[in-house]
Amino acid sequence: MTTKLFGTGVQRVEDERLLRGHGRYVDDVLAGAGTLHAAVLRSPHAHARITDIDVSDVLDVDGVHLVWTHDDLTGAMAEPLPLLIPHPALTHGRTQHALARDEVNHVGEAIAFVVADDRYIAEDAVGRIRVAYEFLEPVVGIDAARAADHLVHDDVPGNVGARLEQENGDARAAIESAPHTLSLDLTIERSACTPLEGRGTVARWDPDVGRMTVWTSTQTSTGVRAAVAAKLGLDLAQVDVITPDVGGGFGVKINHPWPEELLVPMAARSLGRPVKFTEDRREHFISSAHERGQVHHVEVGFDDDGRVLGLDVTFWHDHGAWTPYGLIVPIITSTQLLGPYKPGSYRVVFESLYTNTVMVTPYRGAGRPQGCYVMERTLDAIAASLGKDRTEVRAANFIQPDEFPYDQGLIFQDGRELEYDSGDYPASLAKLKELVGWDEFPAFRAEMAAEGRRVGIGLACYVEGTGVGPYEGAHVHIETSGKVKVATGLTTQGQGHATSFAQIAADELGVALEDVEVVTGDTRRMPYAVGTFASRAAVMSGSAIHLAAKAAREKALRIAAEALEASVDDLEIADGVVSVRGTDSSIDLGTVAVLSNPLRYAFDEASKAATQFSVGDPGKPPVAEDDEPGLEGRDFYSPERSTFASGMHAVVVETDPDTAEVRILKYAVVHDCGNLINPMIVEGQIHGGVAQGVAGALYERMAYDESGQLLNASFMDFLMPYVTEVPASIEIDHIETPSPLNPLGIKGAGEAGVIPSAAVFASAIEDAERLDHPGLGITSMPISPSDLFDLRRRHSQETP
């Protein structure tokens with residue numbers, strides 16, 4: 001019998017190919033002679049008017065085929081790039097042009113595009129272009145944007161792109177009447193995801209059939225396809241977009257189209273030769289996208305038990321120079337800030353501000369780390385003010401298991417109600433306390449103190465909206481060999497889709513895992529899709545694959561029942577064979593596939609069984625009115641709203657009394673993503689997320705100076721943790737509360753590991769400092785040893 005695969009830790013089938021160096025990335029595509037290479041001239045200034053561009057020194061350079069500025073673009077290509085997600089509150093949305101027109105608004109903005117025989121010639125040509133600028137005062141950082149002494153865009157008053165307010169209840173009244181109140185000011189600095197593979201695009205135009213093929217490192221091949229067609233004036237059916245292996249996405253590649261994703265295919269069509277662009281590391285730092293930067297002001301009222309009666313949050317979000325991805329990040333912050341809690345009333349207001357810096361789009365966690373940090377810091381402050389255990393305050397505010405579905409009274413990023421579908425937060429907290437040794441920690445602290453060591457413990461809880469719509473689809477095709485081909489339109493960046501999606505299809509069809517092949521991100525195979533982001537792949541495509549495989553199974557049983565002269569109810573499929581229960585009567589699934597396609601011509605031995613003199617009832621049409629040839633299923637899954645995963649992290653840290661170095665001693669995670677397709681893959685996602693979270697909490701930040709220059713735009717200067725700084729082992733446990741919103745009962749897991757990191761480390765480090773520096777509060781993240789050292793010094797000076 002075929003072993004049930006859903007819920008088992010199957011080894012990832014894609015790993016051997018990738019680990020042996022057989023991955024195929026964008027830069028590997030069309031790598032031979034004949035492919036031309038592109039380079040981009042980028043602005044060295046954060047804010048300036050372009051008064052002249054002189055390309056005359058480039059025109060006669062051997063090997064240069066094309067040089068474009070904005071003046072060379074016409075029609076839709078000369079217009080601004082799309083504002084992908086409009087919102088009524090985004091009253092002053094602005095997007096860049098493919099090549100800057102008149103003005104540049106951040107260091108790294110594209111000004112000119114050169115195509116040459118190779119990248120070396122293209123880069124040399126870029127260096128010959130002369131640009132004259134009229135310098136303008138840059139706006140750098142949230143404080144400068146709020147002050148509005150200077151404007152990023154002349155037609156955007158106060159640098160405010162958007163203002164959005166949501167409220168459930170009367171938060172101000174609840175705070176004013178509360179027995180206890182607190183106010184906090186909290187900051188998270190700007191960072192970026194910096195995947196190992198930057199952006200890259202290759203395009204080839206076939207004039208004989210009028211067809212454009214684009215390979216691009218993206219998180220949404222169908223989105224890029226639509227953009228290329230619209231901007232280049234092509235029919236959608238004339239454009240194929242293929243996403244090969246992707247060396248990391250983490251959100252930066254969900255934004256589209258990047259200028260090069262349009263300029264490269266446009267150049268390929270113009271020159272009649274393939275064209276390739278591969279982003280270098282500095283380009284990625286200064287011309288892709290960043291995230292995280294926010295400043296929050298919190299006012300909270302609470303009772304003697306620490307129960308939040310009223311919560312009022314105002315925050316300012318730095319979205320950089322452009323807003324192509326709308327307000328998704330600050331909307332997520334404003335709504336997911338609530339986590340697993342149910343404040344008596346809640347009001348949130350945010351302003352999304354322009355600065356002369358790289359634009360902001362989602363980065364793994366996408367606004368949730370900021371919200372989690374704010375809520376968890378607030379609850380820590382409540383616990384401290386009441387002298388209560390931090391876990392007690394959280395337990396007092398939890399939504400209870402019998403309260404689901406729970407409506408938070410807000411609108412989420414998908415435009416639907418913020419209604420949690422399932423969860424068991426008290427059970428998660430109990431598991432976490434046991435995993436990390438919360439109740440035993442005071443004894444451990446005393447033991448370490450006796451040795452002159454300072455240790456602290458922290459925890460943080462979160463809820464993550466996953467599986468956002470609008471839809472994903474799947475096509476499942478059973479070949480005459482019995483092999484199964486699965487196609488879904490979203491893309492893959494290392495999540496293990498080839499394994500987990502195969503597990504779903506193999507279970508439904510009763511075939512071996514190795515007989516299932518999964519293809520993602522190829523618009524030739526699945527032209528309708530949305531993309532990979534917001535921890536949605538398993539929920540959306542997983543559900544669609546389940547439904548499509550189910551349709552293929554039903555058809556297989558129907559055909560087999562006729563061939564075996566049996567009832568469908570008496571059939572089963574196992575090990576790729578359809579059999580009649582309790583008998584020796586059976587038929588291979590591959591043979592059923594042959595019979596599903598009535599033929600006139602026989603091409604091999606197998607197809608003889610499907611010709612008109614071998615099969616079929618002469619009194620019936622070869623293909624029934626409600627059927628079609630082939631053994632396949634196609635279906636789409638579209639949810640009514642998001643599913644909500646949840647989790648809790650705890651960490652034990654040691655802080656050096658002299659150097660302020662932070663060392664991780666223990667890390668524990670409890671996670672609930674509903675039914676687990678593959679526990680090993682989920683735990684791998686958690687491990688990766690925790691590593692990225694450690695980086696964001698203790699190391700990584702984008703350091704701009706007052707002129708808008710990014711000071712650490714290289715891996716020499718952008719501080720990242722080594723493997724020695726990441727927990728060597730992570731204690732992980734799971735809660736499984738199935739989602740009622742999809743047929744598999746699953747929720748997303750891809751971003752879970754990173755969401756609570758800033759919050760949990762702030763809590764633990766603050767706790768470790770309590771012996772030597774009582775009352776020291778951590779209100780800004782990330783925090784480096786230098787930051788902690790300076791914080792200690794300032795606290796000592798301010799404390800009598």
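The text that follows walks through the structure, step by step, so that each part is easy to find. Counting of residues starts from 1 at the beginning of each chain's written sequence and follows it residue by residue. For this predicted model, a pLDDT threshold of at least 70 governs which residues receive local features, and a threshold of 80 or more governs which side-chain atom pairs are given and counted, while totals over whole chains, interfaces and linings are taken from all residues. Think of the side-chain values as coming from all heavy atoms in the structure, minus any hydrogens and water.

1. A few points about the packing of helix α13 (residues 497-509) against helix α14 (residues 537-564)
How two helices pack is summed up by the angle between their axes together with the distance between the axes. Lines fitted to C-alpha atoms define the axes here, with helix axes fitted over just the stretch in contact, and angles between the N-to-C directions of these axes take values from 0 to 180 degrees. Counting from the N terminus, the helices are DSSP H or I runs at least four residues long and the strands are E runs at least two residues long. Across the interface, α13 lies against α14 with an axial gap of 9 Å and an inter-helix angle of 30 degrees. Here α13 is positioned roughly parallel relative to α14, judged by the angle of their axes. Crossing of α13 against α14: the hand is right-handed. Each of His497, Phe501, Ile504, Ala505, Glu508 and Leu509 in α13 lies in contact with α14, whose residues at this interface are Ala537, Ala538, Ser541, Gly542, Ile545, His546, Ala549, Lys550, Ala552 and Arg553. Between 65 and 115 degrees an angle is taken as roughly perpendicular, under 35 as roughly parallel, over 145 as roughly antiparallel, and anywhere else as oblique. The hand of a helix crossing depends on one turn: near helix anticlockwise from the far one by less than a right angle means left-handed, and clockwise means right-handed. The contact rule is simple, with two residues in contact once any of their heavy atoms fall within 4.5 Å.

2. Quick notes on a negative patch on the surface
Residues forming no salt bridge and having over 30% relative accessible area are the ones grouped into patches, like charges within 9 Å of each other and nonpolar side chains (Val, Leu, Ile, Met, Phe, Trp, Tyr) within 5 Å. For accessible areas, the Shrake-Rupley method is used with a probe of radius 1.4 Å. Any residue's cover is judged against the shown protein chains and nothing else. Here, a salt bridge means any side-chain nitrogen of Lys or Arg that lies within 4 Å of a carboxyl oxygen of Asp or Glu. Charge assignment in this entry is limited to Lys and Arg as positive and Asp and Glu as negative, and neither His nor the chain termini are counted. For the purpose of locating charges, the reference atoms are NZ of Lys, CZ of Arg, CG of Asp and CD of Glu. Where like charges cluster on the molecular surface, the negative patch consists of Asp52, Asp54, Asp57, Asp60, Asp62 and Asp117. Of note, Asp52 is situated in strand β2 (residues 48-54).

3. Observations concerning the environment of Ser535
Looking at where Ser535 falls in the secondary structure, it is placed in the loop between β21 (516-520) and α14. Buried means the residue's accessible area, taken with a 1.4 Å probe over protein chains only, is under 20% of the maximum for its type, while exposed means over 50%, and partly exposed covers the values in between. A residue is classified by how much of its surface remains accessible, and Ser535, at 12% relative accessible area, is buried. The sequence separation of Ser535 and Arg445 amounts to 90 residues, and the corresponding C-alpha distance is 37 Å. Not counting chain neighbours up to four residues away, the residues in contact with Ser535 comprise Glu464, Thr466, Gly467, Gly748, Ala749, Gly750 and Glu751. Any N or O atom pair separated by 3.5 Å or less is treated as a polar contact, with the protein-specific requirement of one donor-capable and one acceptor-capable atom, and with residues adjacent in sequence counted only for side-chain atom pairs. Reaching out from Ser535, the side chain makes a polar contact with the side chain of Glu464 at a distance of 2.5 Å.

4. Describing the pattern of salt bridges
As enumerated under the stated definition, the model contains 55 salt bridges in all. For the salt bridge of Arg17 with Asp245, the shortest nitrogen-to-oxygen distance reads 2.6 Å. On the criterion of sequence distance, the pair formed by Arg17 in helix α1 (residues 15-19) and Asp245 in the loop between β11 (239-242) and α6 (259-271) is long-range, its members being 228 residues apart. Among the charged side chains, a salt-bridge network with shared partners connects Arg42, Arg119, Glu123, Arg199, Glu260, Glu279, Asp280 and Glu283.

5. Overview of empty space enclosed by the protein
Only protein atoms enter the 1 Å grid used here, on which a cavity is any set of points holding a 1.4 Å probe that cannot leave and a pocket is any open set flanked by protein within 12 Å on both sides along at least five of seven lines; residues with an atom within 4 Å of a point are listed as lining. Grid points are joined across faces, edges and corners, and a volume is the space filled by probe spheres set on the points. A full pass over the atoms with the stated rule returns five cavities of 30 Å³ or more. Estimated volume of the largest cavity: approximately 150 Å³. Around the largest cavity, the lining comprises 17 residues; the ones closest to its centre are Arg292, Pro369, Gly696, Ala697 and Ala758. At the level of secondary structure, the elements contributing two or more residues to the lining of the largest cavity comprise α17 (679-698) and α18 (757-768). Looking at the lining of the largest cavity, the element that brings in the most residues is α17, giving four residues. Taken together, the residues that form the lining of the largest cavity break down as nine nonpolar, five polar and three charged. By volume, the second largest cavity amounts to about 80 Å³. Taken together, 14 residues line the second largest cavity, and the ones lying closest to its centre are Gln96, His106, Trp258, Pro259 and Ser287. Amino acids are sorted into nonpolar (Ala, Val, Leu, Ile, Met, Phe, Trp, Tyr, Cys and Pro), charged (Asp, Glu, Lys and Arg) and polar (every other residue, Gly among them).

6. Comments concerning the nonpolar core
Residues enter a nonpolar core if they are buried and are Ala, Val, Leu, Ile, Met, Phe, Trp, Tyr or Cys, with the set joined through side-chain atoms within 4.5 Å. Counting 105 residues, the largest nonpolar core has Leu311, Tyr373, Tyr420, Leu698, Phe761, Ile765 and Met781 as the members making the most contacts within it. Those residues in contact with Ile765, other than ones at most four positions away along the chain, are Val653, Thr655, Val662, Leu698, Ile778, Ile783 and Leu788. Grouped together as the second largest cluster of nonpolar side chains are 47 residues, Leu5, Ala506, Val578 and Leu595 included.

7. Overview of the sheet that holds strand β9 (residues 200-206)
Backbone hydrogen bonds hold the strands of a sheet together, and the pairing may be parallel or antiparallel. Read from one edge of the open sheet, seven strands run β3-β5-β1-β12-β9-β10-β11, paired in mixed fashion. Each edge of the sheet is formed by a strand with only one pairing partner; in this case those strands are β3 (64-68) and β11. Here the strands of the sheet are splayed against their neighbours by 20 degrees on average, with no regard to which way each runs. Any two strands between which DSSP finds at least two bridges are classified as paired. One ladder, built from four bridges, connects β9 with strand β12 (residues 275-278); its direction is antiparallel. Each bridged residue has a counterpart across the sheet, and for Val202 the counterpart in β12 is Lys276. Helix α2 (residues 119-128) contacts β1 (36-42), β3, β5 (110-116) and β12 of the sheet and is inclined by roughly 25 degrees relative to β1. α6 rests against β1, β3, β5, β9, β10 (211-216) and β12 of the sheet, and its axis sits at about 30 degrees to β9.

8. Some thoughts on helix α10 (residues 390-397)
Within α10 the residues assigned to the buried category are Arg390, Thr391, Val393, Arg394 and Asn397. Looking straight down α10, one finds that the buried residues subtend no more than 160 degrees of arc, so they occupy a single side. The arc in question is the one spanned by the directions pointing from the helix axis to the C-beta atoms.

9. Some points on the environment of Ile332
Inspection of the secondary structure puts Ile332 in helix α8 (residues 328-336). When its relative accessible area of 1% is taken as the criterion, Ile332 is described as buried. For the pair formed by Ile332 and Ile411, sequence separation is 79 residues and the distance between their alpha carbons is 9.7 Å. In contact with Ile332, not counting residues within four places along its chain, are Leu337, Ala366, Gly367, Arg368, Phe412 and Gln413.

10. Some thoughts on the sheet that holds strand β22 (residues 571-574)
In space, the three strands of this open sheet follow the order β22-β23-β24, with antiparallel pairing throughout. Two strands bound the open sheet, and with one partner strand each, they are β22 and β24 (586-588). Between one strand axis and the next, the sheet turns by 20 degrees as a mean value, whatever way the strands run. Judged from the four bridges that link them, β22 and strand β23 (residues 577-580) form a sheet pairing that is antiparallel.

11. A word on the packing of helix α9 (residues 368-386) against α10
Interhelical geometry of α9 versus α10 gives an angle of 115 degrees and a closest axis separation of 8 Å. Considering how the two elements wind past one another, α9 and α10 form a crossing that is right-handed. Each of Glu376, Leu379, Asp380, Ile382 and Ala383 in α9 lies in contact with α10, whose residues at this interface are Arg390, Val393, Arg394 and Asn397. Here the contact of α9 with α10 is built from residues that sort into four nonpolar, one polar and four charged.

12. Let's talk about the packing of aromatic side chains
Only centres within 6.5 Å qualify two rings of Phe, Tyr or Trp (six-membered ring in Trp) as a pair; their planes then separate them into stacked at under 30 degrees, edge-to-face at over 60, and tilted for everything else. In the structure shown here, the tally under the stated rule is 13 aromatic pairs. For the ring pair Phe285 and Phe715, a centre distance of 5.8 Å and an interplane angle of 80 degrees mean the geometry is edge-to-face. One end of the pair, Phe285, is in helix α7 (residues 281-287); the other, Phe715, is in the loop between α17 and β28 (731-734), and 430 residues separate them in sequence. Phe285 gets classed as buried once you look at its relative accessible area, which sits at 1%. Judged by relative accessible area, Phe715 falls into the partly exposed class, the value being 32%. Geometrically, a lysine NZ or arginine CZ counts as sitting over a ring once it is within 6 Å of the ring centre and also within 35 degrees of the ring normal. Stacked on the ring of Trp258, the Lys or Arg Arg199 has its end atom at 4.5 Å from the ring centre.

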